Amino acid sequence: MDGPAPTGQADSGFKRHKTRVVEVGGVGIGGDNPVRVQSMTTPDTFHVAEVVEQIRRLEEAGCELVRVTVPKPEDAAALTEIKKQINIPLICDIHFDHRMALQAMDHPVDKIRINPGNIGGLDKFRQVVRKARDKGLPMRIGVNAGSLEKDLIEKYGYPCPPAMVESVLRYLEIAEAEKYHSIIVSLKSSDTLTAIESYRLYAKQADYPTHIGITEAGKPPYAIVKSACGLAPLLVDGIGDTMRISLLGDPVPEIAAAYDILQATRRRVRRPELIACPTCGRLEIDLEGIIAQVEKRLEGKKTPIKISILGCVVNGPGEAKEADLGIAAGKGKGVIFKRGEIVRHVKEEEMVDALLEEVAIWETEEAQHGRLVTEKRVESGPQQRHRLPMTK
Ligand code: SF4
C-alpha cells in the first residue's frame, strides 16, 4: 500500500511560476495559493437584492472572489450593503471615471480593478493608486487589448503582446514609484493567441500575480472551449494565480467551467476524475449505463482520485494501471485494478457497487498513510522572474 499516489505523480514535472502573494479580503492570490476562481455579477450593482442573490449562488458553486461593476455613484453607495450580506471578497470594477474608484474605496471593498488605459490619464491613475495604498487595498491593473493607449498603438501598429506588456510595465513602474505593490495584473484579449503571448511575455518580466481570462469569450459551449484553449497553455506553463471564465449570461456556470479547466490541466484537482473510453464496436458491456451510475454515486465527493473505466481489453488494463482505481471490462465482466494491481474480478451487474467499495477502501488506506487530501495542486517552482528593461 505504500508509495505515492499516481494522481500526485502526474503533476511533479509541472511547477508553477513563483509570484508574490497578494491578500484580497483574507484570500491569498499568488505564490503557492491555489489558482483562485472568480466571477462577476450581471445586475446593476445598486439592485442590492438581485446582486446578493447572484453572489450567493456563485458562492454555492465555489466562487472564491466576486467582482461588481461600479459605473455610477448609486452603485458605489450599494457596496457597503452588498459586502454585509456576502461571504467572499468583494472587488469593485471601475472604468472611465477615476472618481468612482475613489468613491468605491470609501466602502468596505476588498480590492479594486481598474483599466489604467481608460481611467483618464496618469495623474488620475496615481490618485487611485495613492488612495488604494493608503487604505491598504489591493488593485488589479487590467490592461485590455481593446483599450490600449494611443501612443502604444502608434508605436506597435496594433495591440500586440509587446504593446500590452509595455503598457502594464509602465503602470507597474508608476505604482512602484508610489510605493504601492499590492498589485495583480491582467492582460486580457478576446484573441486567444494575443492573450497567451502577452501573459507569457509578462511572466518573464515581473512577479506580480496574474488574473487570467479570455475576455468577451461569448456564448457557451464555444466560449468554454475558447477559454480552455486560451487558458490551458498558460496554466500548464505555470502562469495564472486567479481566473475568470467570461460567459454570456448567468455567471454561475462560469465556476464549473473554471474548475473543469483547472482539473483538466491538473492545476487544482478537487473531485474524482473519471476516465471513460468513447466506446466502439468492441464494447461488450453497458458502459454508458455504468458511467452514469458511477458519476451519480460520486456526486459531491471531494476526493481527487483518478478512476478509469474502459470497455474492453484494448486499452483497459493499461489505463487502469495508470489510474488510482480502474476497471478493464470484458464480455459481461471486468477486472478492478488498484494502484496498478488487480484486486477483484467482478460481474457486470456487480461492477458499480464493487468499484464504490474499492473507492471507500482506497480513501481509508490513503488516510492511514496521511495522503488523503481534498485537493491536489501544483506548487511553485524555483523560477524567479527578473524585470527586464522596458522597450521604449
Ligand atoms: S476501450 Fe475498447 S471498447 Fe472502449 S473505445 Fe477502446 S477499443 Fe472500443
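Structural data are supplied above this passage.
First things first, this report covers the structure right here in the doc. Not measured: the values here are computed from a predicted model. (Residues numbered from 1 in each chain as written. Predicted model: local features only at pLDDT ≥ 70, side-chain atom pairs only at ≥ 80, totals over all residues. Heavy atoms only, no water.)

In this section: the nonpolar core. Among soluble globular proteins, nonpolar side chains are generally buried collectively. Counting residues in each nonpolar core, the largest one holds 79 residues, and the members touching the most others are Met139 and Met243. Those residues in contact with Met139 that lie beyond four places of it in its chain are Lys111, Ile112, Ile114, Phe125, Val128, Val129, Ala132, Tyr180, Ser182, Ile183 and Ile184. Within the second largest apolar cluster, 21 residues are counted, among which are Val294, Ile307, Ala354 and Trp362. (Core = buried A, V, L, I, M, F, W, Y, C linked by side-chain atoms within 4.5 Å. Buried < 20%, exposed > 50% of the residue type's maximum accessible area, 1.4 Å probe, protein only. Contact = heavy atoms within 4.5 Å.)

Once that is clear, we can look at the pairing of strand β6 (residues 111–114). In summary, the side chains of a regular strand alternate between the two faces of the sheet. Burial along β6 is two-sided: the residues Lys111 and Arg113 and Ile112 and Ile114 are all buried. The pairing of strand β5 (residues 90–94) with β6 spans 4 bridges and is classified as parallel. Of the residues in β6, the one forming a bridge with Ile94 is Ile114. Read from β5 through helix α4 (residues 98–104) to β6, the crossover connection turns out right-handed. Relative to strand β7 (residues 139–144), β6 runs parallel, the two sharing 3 bridges. Pairing of Ile112 across the sheet is with Met139, part of β7. Taken together, β6, helix α5 (residues 122–135) and β7 form a β-α-β motif whose crossover is right-handed. (Helix = DSSP H or I, 4+ residues; strand = E, 2+ residues; numbered from the N terminus. Pairing = 2+ DSSP bridges. Right-handed = clockwise from strand over helix to strand, strands pointing away.)

Its 12 residues place the ends of helix α11 (residues 287–298) 16 Å apart at the C-alpha level, agreeing with the 16 Å of an ideal helix rising 1.5 Å per residue. Buried residues of α11: Leu287, Ile290, Ile291, Val294 and Leu298, and no others. The arc that holds the buried residues of α11, viewed along the axis, is 95°, so those residues lie on one side. Facing away from the buried side of α11 by over 90 degrees, the exposed positions are Glu288 and Lys296. Positive backbone phi, at 85°, marks Gly300, one or two positions downstream of α11. (Expected span 1.5 Å × (residues − 1). Arc of directions from axis to C-beta.)

In this section: the pattern of salt bridges. Using the criterion set out here, one finds 33 salt bridges in the structure. Where Arg99 meets Asp97, a salt bridge forms, and the shortest distance between an N and an O atom there is 3.0 Å. Taking relative accessible area as the criterion, Arg99 reaches 51% and is therefore assigned exposed. Of the charged contacts, one joins Lys338 and Glu358 as a salt bridge, the two residues approaching to 3.8 Å between their closest N and O atoms. Note that Lys338 is positioned in strand β15 (residues 333–338) and Glu358 in helix α13 (residues 351–368), a separation of 20 residues in sequence. The burial state of Lys338 is the same as that of Glu358; both residues are buried. (Salt bridge = Lys/Arg side-chain N within 4 Å of Asp/Glu carboxyl O.)

Let us now look at the site of the ligand. Around the ligand, a shell composed of Cys277, Pro278, Thr279, Cys280, Arg282, Leu283, Gly311, Cys312 and Val314 is seen. Considered class by class, the residues forming the shell around the ligand number 6 nonpolar, 2 polar and 1 charged. (Near = heavy atom within 4 Å. Nonpolar A, V, L, I, M, F, W, Y, C, P; charged D, E, K, R; others polar.)

Below, the discussion takes up the pairing of strand β12 (residues 273–276). Here β12 pairs with strand β13 (residues 306–310) via 4 bridges, running parallel. Looking at the pairing, Leu274 lines up with Ile307 of β13.

So, about α13. In a regular helix each residue adds 1.5 Å, so 18 residues correspond to 26 Å; α13 covers 26 Å between its end C-alpha atoms and thus fits that length. Where α13 is buried, its residues contact α11, β13, β14 (325–330), β15 and β16 (341–347). Looking one or two residues beyond α13, the residue adopting positive phi is Gly370, at roughly 65°.

The next point concerns unusual backbone geometry. Backbone torsion omega between Pro220 and Pro221 reads 5°, so that peptide bond is classified as cis. Among the structural elements, Pro221 can be located in the loop between β9 (211–212) and α9 (222–237). Here the phi dihedral of Thr279 falls at roughly 75°; this positive angle occurs in a residue that is not glycine. When you line up the elements, Thr279 lands in the loop between β12 and α11. Here Thr279 falls in the partly exposed class, since its relative accessible area comes to 30%. Positive phi is not limited to glycine here, since Arg339 has a value of about 45°. Structurally, Arg339 can be placed in the loop between β15 and β16.

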